[in-house]
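So you can see what is in the structure, the chains are spelled out below.
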Amino acid sequence: MCGRFTQLCSWQEVHRFLNLTGPALELRPRYNVAPGQDAAAVRADHGERRLSILRWGLIPAWSRTPNIAYRLINARAETAATKPAFRAAYRSRRCLIPADGFYEWARHGATRQPYLIGRKDGSTMAFAGLWEQWRVREGIKLPRSLAELAPGETLETCTILTTAANETVAPVHERMPVILPAESFDAWLGGGAVELGPCPAHEIVGRAVGTWVNKASNEGPEAMEKP
DNA sequence: CCAGACGTTGTT
DNA sequence: GTCTGG
DNA sequence: CCAGACGTTGTT
DNA sequence: GTCTGG
């Protein structure tokens, strides 16, 4: 699956990779993006590619409460097109989520060892994602983390597609994020048919990191350090 | 017709 | 919103 | 994903 | 056990 990742890239680096339009944003490097936090994502908008900030954890537009979000941080690529929670977004609200690495936890009995996985040269990848808009309804009780939202306001959320692990990731975990090749970017954002399987195993590499990353409020480069 | 679910992961 | 179950 | 909380009443 | 927060 994909429950944490890094976004070290600047807007300019994402622009080089994904050919963005629109004004540049000031992005701070993120060493430990966790569910419920804001993350940078790229969406097609009238033929342009804009980078925006979405909250990770998808809330379907029809959802009565936002509490479902923490379970919808991932969508299975095999079924997202038809599942009620995802199919509308799959049709018309797709995004690319730039990431330089993702964390997976290997379970050896009671212990959990985090690994950081990414391209050998550390360059930026693009996860396949979906996004949604959720409008705060009158009279609903919001969790503290969303308490600043007023009724009528709109929250934009996203989820990361997952697929079977390739041979690099399999020793650590059964699932991994869908990492799209550059030739699929247009088709994905445009709503076309795209192969959503695991990326070739030789394109990525993993290494163990310390458990400092476990705590989501730990945000520094220490997250990537060896155990 | 209305009511109720709608999801992933990992663990049991 | 839309589908399934009753 | 993992870590940490998980409750009420009344008073400050 | 289950939910919220990060």
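Refer to the structure presented above.
These notes cover the structure that comes with them. (Residues numbered from 1 in each chain as written. Chains lettered and ligands numbered in written order. Predicted model: local features only at pLDDT ≥ 70, side-chain atom pairs only at ≥ 80, totals over all residues. Heavy atoms only, no water.)

Moving on: helix H1 (residues 11-18). Listed in full, the buried residues belonging to H1 are Trp-11, Val-14 and Leu-18. Angularly, the buried residues of H1 cover 60° about the axis, an arc narrow enough to put them on a single face. In this structure, the buried side of H1 is in contact with strand S3 (38-45), strand S4 (48-56), strand S6 (94-99) and helix H3 (185-189). At the C-terminal side of H1, Asn-19 shows a positive phi close to 60°. (Buried < 20%, exposed > 50% of the residue type's maximum accessible area, 1.4 Å probe, protein only. Helix = DSSP H or I, 4+ residues; strand = E, 2+ residues; numbered from the N terminus. Arc of directions from axis to C-beta. Contact = heavy atoms within 4.5 Å.)

With that settled, consider unusual backbone geometry. Even without being glycine, Asn-19 reaches a positive phi, approximately 60°. By secondary structure assignment, the location of Asn-19 is in the loop between H1 and strand S2 (30-33). One non-glycine residue, His-46, adopts positive backbone phi at about 50°. Judged by its relative accessible area of 80%, His-46 falls in the exposed class.

Moving on, we get to the pattern of salt bridges. Across all of its chains, the model carries nine salt bridges by this definition. A salt bridge links Arg-76 to Glu-78; the shortest N-O distance between them is 3.8 Å. Overall, the relative accessible area of 47% leaves Glu-78 in the partly exposed class. For the salt bridge of Arg-175 with Glu-78, the shortest nitrogen-to-oxygen distance reads 2.8 Å. Of this pair, Arg-175 sits in strand S11 (residues 175-177) while Glu-78 sits in the loop between strand S5 (74-76) and helix H2 (87-92), and the two are 97 residues apart along the sequence. Its relative accessible area of 13% is what places Arg-175 among the buried residues. Within this structure, Asp-45, Glu-48 and Arg-50 form a network of salt bridges that share partners. (Salt bridge = Lys/Arg side-chain N within 4 Å of Asp/Glu carboxyl O.)

The next thing to look at is the protein's contact with DNA strand E. Arg-4, Ala-34, Pro-35, Gln-37, Asn-67, Tyr-70, Arg-71, Pro-143, Arg-144, Ser-145, Ala-216 and Ser-217 make up every residue found near DNA strand E. Near-protein atoms of DNA strand E (within 4 Å) split between backbone and bases, with sugar and phosphate holding 44%. Between DNA strand E and Arg-4, the relevant distance is 2.8 Å, taken from a base nitrogen to a side-chain nitrogen or oxygen of the residue. Asn-67 is positioned with one of its side-chain polar atoms (N or O) 3.3 Å from a phosphate oxygen of DNA strand E. Within the surface near DNA strand E, the residues separate by chemical class into five nonpolar, four polar and three charged. (Near = heavy atom within 4 Å. Polar contact = N/O pair within 3.5 Å; in protein donor to acceptor, adjacent residues only side chain to side chain. Nonpolar A, V, L, I, M, F, W, Y, C, P; charged D, E, K, R; others polar.)

Let us look at the sheet that holds strand S12 (residues 204-208). Read from one edge to the other, the open sheet built from five strands follows the order S2-S1-S7-S8-S12, with strand pairing classed as antiparallel. At either margin of the open sheet sits one strand with a lone partner, and together these are S2 and S12. Averaged over all pairs of adjacent strands, the angle between their axes in this sheet comes to 30°, without regard to strand direction. Across two bridges, the pairing between strand S1 (residues 4-7) and S2 is antiparallel. (Pairing = 2+ DSSP bridges. Axes fitted to C-alpha atoms, helices over the stretch in contact; angles between N-to-C directions.)

Around DNA strand B, the structure places 16 residues, and the nearest of them are Arg-71, Pro-84, Arg-107, Thr-162 and His-173. At the protein interface, 71% of the atoms of DNA strand B within 4 Å belong to sugar or phosphate. A distance of 3.0 Å separates a phosphate oxygen of DNA strand B from a polar atom in the backbone of Pro-84. Contact between DNA strand B and Thr-162: a phosphate oxygen at 2.8 Å from a side-chain N or O atom of the residue. Per-element tally for the surface near DNA strand B: the top contributor is S5, with three residues. Residue classes in the surface near DNA strand B are distributed as seven nonpolar, four polar and five charged.

Read these as geometric descriptors, not functional statements.
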